[in-house]
Amino acid sequence: MSIKKQHIVVVCGYGCDINSPLAVYIDRVRSFLRVNRVDQVIFCGGETQKKSFPEKTEAQVMCNYLAVQPGGHRRYWLETGSYTTFDNVRLAAEKIRIMKSHDDPNAKFKVTIFCEAQRALKVIRLSRHFMRDLVENVDSITIETVSWERADPVRELKTTIMTWLAIKYPWLGLAERERRRRIRRSYEI
């Protein structure tokens, strides 16, 4: 007899301007939620554009666009402390661990993570690192993507390698350095 796994969706944020490719991305999330049975949704993203969108978090903007209430029937959750893809996945995993400790310490989950297509390799690596204890195996983690990034994919390859180094050698402080850089940049955008 197999035990039903709770299905959790993690939505990585990409800015606060809904009149950007963000709307297409969130519409893709909406379509997925309509056709799949999902138990929990975690929207990730902090105040990444403090100058342009003061006091707005990526997570809250996505929730508002979908017209859902965070914490409503324990279905939608906000993770507003993230400024990087590294933060999105790490902090979502922490939130899932908290849910797990409150519900069933032995529970295993099915996790679907939404991200921009060029970031998929990085998200796969991060999810396998931070969520390995939350799922039975890597097949229980899937990545859904939408492509809108027009920058050179080689740049993303560089950040993926830096992410791998941040996981492998945390004492280098690469993730923290990138986070501080993104927080500083949030005041400029």
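Residues numbered from 1 in each chain as written. Predicted model: local features only at pLDDT ≥ 70, side-chain atom pairs only at ≥ 80, totals over all residues. Heavy atoms only, no water.

Colleague: Looking at this structure, I do not really get the sheet that holds strand S3 (residues 76-79). What am I missing?
Modeller: Note: strands within a sheet are paired through backbone hydrogen bonds, in either parallel or antiparallel orientation. Spatially, the 5 strands line up as an open sheet ordered S3-S2-S1-S4-S5, and their pairing is parallel. Where the open sheet ends on each side, the last strands, each with one partner, are S3 and strand S5 (141-146). With direction set aside, neighbouring strand axes in the sheet form an average angle of 20°. Note: strand S2 (residues 40-44) against S3, 4 bridges, orientation parallel. Counted as the bridge partner of Ile 42 is Trp 77 from S3. Across the face of the sheet, helix H3 (residues 85-103) comes into contact with strand S1 (6-12), S2, S3 and strand S4 (109-116) while running at roughly 150° to S2. Running at roughly 155° to S5, helix H4 (residues 120-130) makes contact with S4 and S5 of the sheet. (Pairing = 2+ DSSP bridges. Helix = DSSP H or I, 4+ residues; strand = E, 2+ residues; numbered from the N terminus. Axes fitted to C-alpha atoms, helices over the stretch in contact; angles between N-to-C directions. Contact = heavy atoms within 4.5 Å.)

Colleague: Where do I start with the pattern of salt bridges in this structure?
Modeller: For side chains of opposite charge, pairing can occur when their charged atoms come near one another. Using the criterion set out here, one finds 11 salt bridges in the structure. Among the salt bridges present, the one from Arg 37 reaches Asp 39, with a minimum N-O distance of 2.7 Å. Judged by relative accessible area, which is 18%, Asp 39 ranks as buried. Of the charged contacts in the structure, one is a salt bridge between Glu 116 and Arg 119, with a shortest N-O distance of 3.7 Å. Both residues of the pair, Glu 116 and Arg 119, belong to the buried class. One continuous salt-bridge network, built from bridges that share partners, spans Asp 87, Arg 90, Glu 94 and Arg 179. (Salt bridge = Lys/Arg side-chain N within 4 Å of Asp/Glu carboxyl O. Buried < 20%, exposed > 50% of the residue type's maximum accessible area, 1.4 Å probe, protein only.)

Colleague: Which parts of the structure should I look at to understand the nonpolar core?
Modeller: Note on soluble globular proteins: their nonpolar side chains tend to be buried together. Counting 51 residues, the largest nonpolar core has Val 11, Tyr 25, Phe 43, Ile 96 and Met 131 as the members making the most contacts within it. If near-sequence neighbours (up to four positions away) are discounted, Phe 43 is found in contact with Val 11, Ala 59, Met 62, Cys 63, Leu 66, Val 68, Tyr 76, Trp 77, Leu 78 and Glu 79. (Core = buried A, V, L, I, M, F, W, Y, C linked by side-chain atoms within 4.5 Å.)

Colleague: Even after reading the chapter, I still don't get helix H1 (residues 21-35), so can you show me in this structure?
Modeller: Its 15 residues give H1 an end-to-end C-alpha distance of 22 Å, which sits within 8% of 21 Å, the value for a rise of 1.5 Å per residue. Packing partners of the buried residues in H1 comprise S1, S2, helix H2 (58-66), S3, S4 and S5. (Expected span 1.5 Å × (residues − 1).)

Colleague: What should I look at first to understand the pairing of S2 in this one?
Modeller: On any regular strand, side chains alternate: one points to one face of the sheet, the next to the other face. With 5 of 5 residues buried, S2 lies mostly within the body of the structure. Both faces of S2 are covered, namely the face carrying Gln 40, Ile 42 and Cys 44 and the face carrying Val 41 and Phe 43. Summarising the sheet, S1 and S2 pair through 5 bridges and their orientation is parallel. Among the inter-strand pairings, Val 9 is bridged to a residue of S2, identified as Val 41. For the segment spanning S1, H1 and S2, crossover handedness is right-handed. (Right-handed = clockwise from strand over helix to strand, strands pointing away.)

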